[in-house]
Amino acid sequence: PLEDRQITPVGEMQGCEILMNATQTLLRNDYIHRTGAATNLILRHLLCLALAIYVWKRGLFSGLRLSLIVGVLWSAFAHYLFLFEAYWFDTVTVLLSIIMAMLLVTAVESHFVATAFQRFMPTWVAQGIIQQSGNVSGLKSELTEITVIFCDIRGFTSLSETLDHSELQKLLSNYYSIAERFANRYGTQLDKFVGDEIMLYFDSCDRSNNRNRKADVHHAVRGVQWALDMTSELKRLARSGETSFEVGIGICTGKAQVGIFGGEQRKQHTVYGDTVNVASRLQHATRDVG
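All of these numbers come straight from a predicted model, not from anything done at the bench.

**Q** Before we go on, may I ask you to explain the pairing of strand E9 (residues 267-272) in this structure?
**A** As a general feature of sheets, a regular strand has side chains that alternate between the two faces. Here 6 bridges tie strand E8 (residues 247-262) to E9, and the two strands are oriented antiparallel to one another. Each bridged residue has a counterpart across the sheet, and for Gln257 the counterpart in E9 is Tyr272. Hairpin connection of E8 to E9: 4 residues between the antiparallel strands.

In structure tokens, the structure reads:
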């Protein structure tokens, strides 16, 4: 009980042994050197910045692999310097900074991925895929009543021949933006574009970000309202000289299969069934009947 034993970073030691080590350090002038706070701060920031740039250039998984490699190599290098060069780098804070940087970059990258998903497919489909961690097999299709709409520009072939690329691109962008605005107004989003043809559908859910819309309005009524607003707006723009085309619209309400379909490698959210076919044929019929 009277022994002078102390716990040290290198294990349990006698008090006299500690004093002899201290004396030897004084005689040899062999102190452990530490990096300054400014050096550690600069080092951490440079490492985190380099990792963030690497992730944005090469992708998240490559960045995670690089972070693991950097962490292991840095720990081994710092350990070597401490044992053989008596130089003490603050390893723990550097590793924590790398971990925090990767967590932050992962969160930002996930937000970018979610935003990109929602630009290329309906928002509710993108959110479902993200919630399933990319496992689309967990998203089942279902037979439900919907209102399907096909909308197509009349005379688009002749327009393509007379307009240059930039004018045609501006015309299509304006056309899609109008359709998108009215779709959001009545509780849905555009499902897909096939050249100049737009396909969308309405169901009993509110698929838009417009919380002022009455959710109890039947989807068939909302589909017709979308078509009326679409044609009215295009006529108004034609009178003002901003556009010079008309559209044909086919609408059909009925049962259809809604969900994720495709092969093993590529899948797509879509709807199919007799209701969809009828809506498409009605749209084509407007070319003859007006």
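**Q** Would you mind showing me how to read the nonpolar core here?
**A** What tends to happen in soluble globular proteins is that the nonpolar side chains get buried as a cluster. Formed by 27 residues in total, the largest nonpolar core has its most connected members in Ile153, Tyr175, Trp226 and Met230. Those elements giving two or more residues to this core turn out to be strand E5 (142-153), helix H6 (156-162), helix H7 (165-185), strand E7 (197-202), helix H8 (219-239) and E8. At 9 residues, the largest contribution of residues to this core is made by H7. Ignoring anything within four residues of it in the chain, the contact list for Trp226 reads Ile149, Cys151, Ala179, Phe182, Ala183, Tyr186, Leu200, Phe202 and Ile249.

**Q** For this particular structure, what's the right way to read the packing of aromatic side chains?
**A** The description of an aromatic ring pair uses the distance of the two centres, along with the angle that the planes make with each other. Going through the model one piece at a time under the given rule, you end up with 7 aromatic pairs. Ring geometry for Trp74 against Phe77: centres 6.1 Å apart, planes inclined by 50 degrees, an arrangement best described as tilted. Placement of the pair is Trp74 and Phe77 together in helix H3 (residues 60-84), with a separation of 3 residues, close to one helical turn. Since its relative accessible area comes to 41%, Phe77 is described here as partly exposed. Between the aromatic rings of Trp74 and Phe89, the centroid separation amounts to 5.4 Å while the plane-to-plane angle is 70 degrees, which identifies the pairing as edge-to-face. Taken together, the residues Trp74 in helix H3 and Phe89 in the loop between strand E4 (87-88) and helix H4 (91-120) connect sequence positions 15 residues apart. The exposure classification of Trp74 matches that of Phe89, with both residues buried. Clustering of aromatic rings is evident, with ring pairs tying together Trp74, Phe77, Tyr87 and Phe89. Its guanidinium or amino end placed over the ring of Trp88, Arg34 lies 4.1 Å from that ring's centre, counting from NZ or CZ. Looking at Arg181, its charged tip hangs above the ring of Phe182, at a distance of 5.0 Å from the centre.

**Q** Explain the sheet that holds E8 to me, please; I cannot follow it from the model alone.
**A** Adjacent strands of a sheet form backbone hydrogen bonds with each other and so pair up, either parallel or antiparallel. Taken in spatial order, the 5 strands make up an open sheet running E6-E7-E5-E8-E9, and their pairing is antiparallel. Looking at which strands have only one partner, the edges of the open sheet turn out to be strand E6 (190-194) and E9. Taken pair by pair, the neighbouring strands of this sheet meet at an average axis angle of 35 degrees, ignoring direction. Here E5 runs beside E8; their pairing, made up of 12 bridges, is antiparallel. Looking at the pairing, Ile146 lines up with Gly254 of E8. Against the sheet, helix H9 (residues 274-289) touches E5, E7, E8 and E9, its axis set at about 155 degrees to E8.

Each value, and the rule that gives it
- Residues numbered from 1 in each chain as written.
- Predicted model: local features only at pLDDT ≥ 70, side-chain atom pairs only at ≥ 80, totals over all residues.
- Heavy atoms only, no water.
- Pairing = 2+ DSSP bridges.
- Helix = DSSP H or I, 4+ residues; strand = E, 2+ residues; numbered from the N terminus.
- Core = buried A, V, L, I, M, F, W, Y, C linked by side-chain atoms within 4.5 Å.
- Buried < 20%, exposed > 50% of the residue type's maximum accessible area, 1.4 Å probe, protein only.
- Contact = heavy atoms within 4.5 Å.
- Phe/Tyr/Trp six-rings, centres within 6.5 Å; stacked < 30°, edge-to-face > 60°.
- Lys NZ or Arg CZ within 6 Å of the ring centre and 35° of its normal.
- Axes fitted to C-alpha atoms, helices over the stretch in contact; angles between N-to-C directions.

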